[in-house]
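Each chain, letter by letter, is given below.
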Amino acid sequence: MTSAMGAVGILAGGGPLPAKVAEAAHAQGRPVFIIGFDGFADPDVIGPWPHEMVRLGAAGHMLSLLKQHGCTDLVLIGPIRRPSLRSLRPDTEGARVLTRLGRALFAGDDGLLAALVRILAEEGFAVRGAHEFLSHAVAQPGVLGTVQPDALARADIKRGIEVVQALGRMDIGQGCVVQNGLVLAVEAMEGTDRMISRSGECHQPGEGGVLVKLLKPGQDKRADMPTIGPVTVRAAHAAGLRGIAFEAAHTLMTDKNACIQEADNTGIFLLAVDPDHFQP
């Protein structure tokens with residue numbers, strides 16, 4: 001397969017980003033075909049594009065569709081909760097893929113995604129990161145918007161970076177909330193929004209906490225990049241947080257302008273950081 005002339009296949013979980021990748025690929029003159037995972041992809045989001053809804057375990061049907069539509073490049077985008085093996089109900093090819101995944105099925109998310117990327121590459125596809133199509137959706141280091149983090153917030157960000165990097169090395173999650181040096185919540189399989197909500201329940205007297213969201217150390221950027229959107233900003237404000245720090249160049253913003261406007265309206269700072277060189 002030669003990716004230069006083929007279609008872009010999008011394996012779509014939830015949220016608005018699958019459609020944004022489709023728009024960007026179309027703007028580059030590339031045909032697009034979307035496989036929406038049943039129970040995860042939003043039919044209204046992917047509806048305007050050539051697509052088919054497929055259950056996660058139907059790997060044979062999925063690969064057949066991708067080849068039928070001339071897909072040479074693949075993008076995995078949008079959140080998907082890891083299903084139980086019983087709920088997968090794999091088809092014949094799906095069972096073969098599960099066998100090839102082996103121990104990765106029982107590893108953390110990074111191990112599973114890395115194995116899936118490897119298998120898709122072995123099938124002849126070029127697996128691409130969403131950021132390769134959505135360069136406008138990532139930010140360079142610095143403050144976005146008008147609200148600046150103060151010294152206390154920057155100290156909490158530094159603490160949060162240390163915590164998230166430790167979590168990431170154990171393949172647990174990509175985020176945490178820190179308030180005045182105290183870790184209020186860490187992200188696990190429940191996702192960022194529910195973690196933020198829990199942090200609000202643990203809010204301490206004084207200045208609000210900070211959400212820190214980073215790529216896991218060594219994580220393959222072709223799957224499950226950190227993502228924030230206007231909903232994240234609203235959730236942070238509702239939980240009493242002061243701001244959000246996220247990894248520069250490695251965090252997808254579902255709508256950068258809307259994020260900045262929401263942050264300015266609610267008085268929350270947005271700070272893109274280089275975690276390896278951040279100074280409080």
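Residues numbered from 1 in each chain as written. Predicted model: local features only at pLDDT ≥ 70, side-chain atom pairs only at ≥ 80, totals over all residues. Heavy atoms only, no water.

Caption draft 1: Region of interest: the nonpolar core. Core analysis: the biggest nonpolar cluster contains 25 residues, and Ile 10, Val 21, Ile 34, Ile 77 and Leu 252 have the highest contact counts within it. Contributions of two or more residues to this core are made by strand E1 (7-12), helix H1 (17-27), strand E2 (32-37), helix H2 (43-46) and strand E4 (71-77). In terms of residue count, the dominant contributor to this core is H1 (6 residues). The residues touching Ile 77, leaving out its near neighbours within four places in the chain, are Ile 10, Leu 11, Ala 12, Gly 13, Leu 17, Pro 18, Val 21, Ala 130 and Leu 252. Judged by nonpolar contacts, the second largest core, of 23 residues, contains Ile 244, Ala 248, Ile 260 and Ile 268. (Core = buried A, V, L, I, M, F, W, Y, C linked by side-chain atoms within 4.5 Å. Buried < 20%, exposed > 50% of the residue type's maximum accessible area, 1.4 Å probe, protein only. Helix = DSSP H or I, 4+ residues; strand = E, 2+ residues; numbered from the N terminus. Contact = heavy atoms within 4.5 Å.)

Caption draft 2: Layout of the sheet that holds strand E3 (residues 51-54). Judged by pairing direction, the sheet is parallel, and its 5 strands sit side by side in the order E3-E2-E1-E4-E5 without closing on themselves. Of all strands in the sheet, those with a lone pairing partner are E3 and strand E5 (126-128), marking the two edges. Strand-to-strand twist across the sheet, computed as the mean angle between neighbouring axes with direction ignored, equals 25°. Alignment of E1 against E4, held across 6 bridges, turns out to be parallel. (Pairing = 2+ DSSP bridges. Axes fitted to C-alpha atoms, helices over the stretch in contact; angles between N-to-C directions.)

Caption draft 3: Up close: the pattern of salt bridges. In this structure the tally under the stated criterion is 9 salt bridges. Here Asp 73 and Arg 30 are joined by a salt bridge, their closest N and O atoms 3.5 Å apart. Note that Asp 73 is positioned in strand E4 and Arg 30 in the loop between H1 and E2, a separation of 43 residues in sequence. A salt bridge links Glu 262 to Arg 234; its shortest N-O distance comes to 3.3 Å. Highlighted residues: Glu 262 in helix H10 (residues 256-266) and Arg 234 in helix H9 (residues 230-238), separated in sequence by 28 residues. Using a relative accessible area of 19% as the deciding quantity, one classes Glu 262 as buried. Connected via shared salt-bridge partners are Arg 30, Asp 73, Arg 128 and Glu 132. (Salt bridge = Lys/Arg side-chain N within 4 Å of Asp/Glu carboxyl O.)

Caption draft 4: Expanded view of helix H8 (residues 192-201). Of the residues making up H8, those classed as buried are Thr 192, Met 195, Ile 196 and Ser 199. Mapping the buried residues of H8 onto a view down its axis gives an arc of 100°, with all of them on the same face. Looking at H8, the residues exposed on the side facing more than 90 degrees away from the buried face are Arg 194 and Glu 201. Buried residues along H8 sit in contact with strand E7 (175-179), strand E8 (182-186), strand E9 (210-213) and H9. (Arc of directions from axis to C-beta.)

Caption draft 5: Spatial organisation of the environment of Ile 172. Take Ile 172: it is sitting in the loop between helix H7 (151-169) and E7. Counting along the chain gives 17 residues from Ile 172 to Met 189, while the straight-line C-alpha distance between them is 7.7 Å. Excluding its chain neighbours within four sequence positions, the residues that come into contact with Ile 172 are Leu 167, Glu 187, Ala 188 and Lys 216.

Caption draft 6: Main features of the packing of H9 against H10. The geometry of H9 relative to H10 is characterised by a closest axis approach of 8 Å and an angle of 15° between their N-to-C directions. With respect to each other, H9 and H10 are oriented roughly parallel. Crossing handedness for the pair H9 and H10: right-handed. Here Pro 230, Val 233, Arg 234 and His 237 of H9 come into contact with H10, specifically with Ala 258, Cys 259, Glu 262, Ala 263 and Thr 266. Here the residues of the contact of H9 with H10 are counted per class, giving 5 nonpolar, 2 polar and 2 charged. (Parallel < 35°, antiparallel > 145°, perpendicular 65-115°, else oblique. Left-handed = near helix turned anticlockwise from the far one by under 90°. Nonpolar A, V, L, I, M, F, W, Y, C, P; charged D, E, K, R; others polar.)

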